[in-house]
Protein chains: 2
Amino acid sequence: MADHFGDRLCTAVQIKATSLTVGVDPVYARLPAEIREHRRMNDENDVAAAVDAIFDFCTRVLRVVAPLVPAVKLNIAFFERYFWEGLEAYYALISEADDLGVETIGDVKRGDIGSTAEHYAAAHLQNPEYTGLEDVIVPDAATINGFAGADGIEPFARMADAQGKGVFVWVRASNPSAAVIQDFVDAEGRMFYEKLAEVVGQVANEPHRIGASGYSNVGMVVGGTGAPKAAELRARYPHVWFLVPGFGSQGATAEDCVRFCNPDGRGALINASRSILYAYENPEYKERFGDNWEKCIEQAVISAKIQLAKAMR
Amino acid sequence: MADHFGDRLCTAVQIKATSLTVGVDPVYARLPAEIREHRRMNDENDVAAAVDAIFDFCTRVLRVVAPLVPAVKLNIAFFERYFWEGLEAYYALISEADDLGVETIGDVKRGDIGSTAEHYAAAHLQNPEYTGLEDVIVPDAATINGFAGADGIEPFARMADAQGKGVFVWVRASNPSAAVIQDFVDAEGRMFYEKLAEVVGQVANEPHRIGASGYSNVGMVVGGTGAPKAAELRARYPHVWFLVPGFGSQGATAEDCVRFCNPDGRGALINASRSILYAYENPEYKERFGDNWEKCIEQAVISAKIQLAKAMR
């Protein structure tokens, strides 16, 4: 079981008894005062100080959430903006999360054709063997952009096969303008994102990609409020894990999100980022826990798990 | 003129008298023997040695090609596979190219929604102001993925506006499977990529984005053989710069590519990568120039320029 990503997710969801995952999208200006204030030079304009503070914050967040959820999702853009200093911190946090026994998803949305896709796959799904990078651990899975079609997806899927990793292809976003592009309709009323899902489904359903659990190592990213035909997608691709962002701050309700679970409760990872990461900004938690920001985050995870569990009933 | 990317491209194309751009996609195994053999430890498995060799090669390539072409395109995937070590080299090469007076395009294909897009835009289109990164220069333009629609494109376009930079949105690829996705047809016979081009065109045609030259700072990436309706695209978006990859090794002919130029010869950057970067592998050049690999690259640039000039007549 352990070497197949789809299987590992089944185990993780069962053990943690939830589909909830936590997105780690750290923004310096929103870090708890305690962390911003004790860093060297206390200066967000110093790249080393800013990255240090973010690393410290994220490490402590991971310690709180890892025992409670099957997976965490790290959004690389929030690190990439600190250039190579940020990238080093990103991979260090993947290692931290790995040590804590939680599945890790690199939200990198990479995508290109041919050999470029192979190089991206090497960066995000293969532990480097170079002298000088021996300790680097890449995520258990990466999100990718499937715009180039099957031969842009396959290099990532093949790398995932070889490395025991997973891939989530971005199929439908939930931002306001996504519909203009992604719901583009053909003569039969079929939407573009359904066509893209079909291409991803073909890659995912290759027999060697289906693990003992019945799930593939190739999944789809579908926004919680984004897919007009969520139930159809779920039914049409029973072997696929859906990664469902947008629970909480982006406006998707627990009910919206659990539509992507199979009847047995598996098959979807429902991600909340800001509503958990910055729970200490929430007046309700603030009143209950004061400056104990880790307690606020813990409570937000527990509340979100309860919401999802209720919606599943 | 100088502060508007669309205008700068007009000047650069005029001065260098060509639409040809060179793509820098370095692969260690294909580096000239001279470079691979003199590096410390002579070991491609040592990340520092590999990145050193790649940096040395690319610097020398830039010195050869910068006087001959208006722009160079660096593909970040080939650096990203060396993790943060590679990323540092990527930005150092952007600086080198900038010093050589050539426009630089970061081929990064980033794309996501909302605040994530803003963070990517900061990483790729804004010179950092952090202490510790004062010397970093970001590219003059970046390629992005427009899958999220207008509100995934706007954060990049706004950053480009503010920083005097440019954006090229990936509209149509030329890999075999791209057609399945990108030529998805609606009831009126309109293809998905045309819809995407329309969205990009609206962003590009905002009056404040059009420079004195009549060109926008927001362009499109369209594969040389990829767009069934190239002439229509050109006519429909006269203010847009097209970045046309695939000339040479990927099979697009000079005639395929110059369809994206306006009648006055402006409006398209026609990119060749491998056919120029590895010209020293070409038996014809090898025979003429022996181990002088820089001479081979120079000659390949000159030949490609002549091919394009002939096709334009």
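Here, every reference points to the structure presented above.
Cut-offs applied
- Throughout this document, residue positions are counted from 1 along each chain, in the order its sequence is written.
- Key to labels: chains lettered from A, ligands numbered from 1, both in the order written.
- Local features in this predicted model are restricted to residues whose pLDDT is 70 or higher, and side-chain atom pairs enter the listing and the counts only when it is 80 or higher, whereas totals over whole chains, interfaces and linings include all residues.
- C-beta atoms are first placed from the backbone for all residues, and any pair lying within 7 Å is then listed as a contact.
- Secondary structure elements follow DSSP: runs of H or I of four or more residues count as helices, runs of E of two or more count as strands, with numbering from the N terminus.
- Partly exposed residues are those falling between the two cut-offs: more than 12 but fewer than 20 other C-beta atoms within 10 Å of their own, whereas 20 or more means buried and 12 or fewer means exposed, with C-beta atoms placed from the backbone.
- Call a crossover right-handed when, viewed with both strands pointing away from you, the route from the first strand across the helix to the second goes clockwise.
- For every element, the axis is a line fit to its C-alpha atoms; helices are fit only across the contacting stretch, and the angle between N-to-C directions ranges from 0 to 180 degrees.
- Handedness of a helix crossing follows the sense of rotation of the near helix relative to the far helix, less than a right angle counterclockwise being left-handed and clockwise being right-handed.
- Each residue gets one of three labels, nonpolar for Ala, Val, Leu, Ile, Met, Phe, Trp, Tyr, Cys and Pro, charged for Asp, Glu, Lys and Arg, and polar for the others, Gly among them.
- What a helix is expected to span follows from its residue count: subtract one and scale by 1.5 Å.

Colleague: Whenever I open this one, the interface of chain A and chain B confuses me. Can you help?
Modeller: As a measure of interface size, the accessible area lost when the parts come together is often cited. Contacts between the two partners involve 55 residues from chain A, matched on the other side by 55 residues from chain B. For the side of chain A that touches chain B, the secondary structure elements donating two or more residues are helix H3 (47–65), helix H4 (77–80), helix H5 (83–99), helix H6 (114–125), helix H7 (150–163), helix H8 (178–182) and helix H9 (192–204) of chain A. Broken down by element, the side of chain A that touches chain B gets its largest block of residues, six residues, from H6(A).

Colleague: Could you clarify how one ought to interpret the pairing of strand E3 (residues 103–110) of chain B in this entry?
Modeller: Consecutive side chains of a regular strand alternate in pointing toward one face of the sheet and then the other. Residue and element names in this part refer to chain B. Most of E3 sits inside the fold, with eight of its eight residues counted as buried. Here E3 shows two buried faces, one formed by Glu103, Ile105, Asp107 and Lys109 and the other by Thr104, Gly106, Val108 and Arg110. Handedness of the β-α-β unit built from E3, helix H6 (residues 114–125) and strand E4 (residues 141–145) comes out right-handed.

Colleague: In this structure, what is going on with the packing of helix H7 (residues 150–163) of chain B against helix H9 (residues 192–204) of chain B? I would like to understand it.
Modeller: Pairs of packed helices are described in terms of their axes, by the angle between the two and the distance that separates them. Residues and elements named next belong to chain B. Orientation of H7 relative to H9, taken along the N-to-C sense of each, is 35 degrees, at an axis distance of 10 Å. Taken as a pair, H7 and H9 cross one another with a handedness that is right-handed. For the pair H7 and H9, the contacting residues are Ala150, Ile153, Glu154 and Ala157 in the first and Val199, Val200, Gln202 and Val203 in the second. A class-by-class count of the residues in the contact of H7 with H9 yields six nonpolar, one polar and one charged.

Colleague: It is not clear to me how H6(A) should be interpreted in this structure. Could you clarify?
Modeller: Each α-helix winds once per 3.6 residues, and so residues spaced three or four apart point in a common direction. An ideal rise of 1.5 Å per residue puts 16 Å on 12 residues; H6(A) measures up with 16 Å between its terminal C-alpha atoms. When you tally the buried positions in H6(A), you get nine out of 12 residues, the bulk of the element. All buried positions along H6(A) are accounted for by Thr116(A), Ala117(A), His119(A), Tyr120(A), Ala121(A), Ala122(A), Ala123(A), His124(A) and Leu125(A). Packing partners of the buried residues in H6(A) comprise strand E3 (103–110), strand E4 (141–145) and H7 of chain A together with strand E2 (71–75), helix H4 (77–80) and helix H5 (83–99) of chain B.

Colleague: Just checking my understanding: could you explain unusual backbone geometry for this structure?
Modeller: It is generally the case that most residues other than glycine have a negative phi and that most peptide bonds are trans. All names here are of chain A. For Phe83, which is not glycine, the phi torsion reads 55 degrees and is therefore positive. For Phe83, the position within the fold is in helix H5. Residues other than glycine seldom take positive phi values, yet Lys109 does so here, at roughly 50 degrees. Relative to the elements of secondary structure, Lys109 occurs in strand E3.

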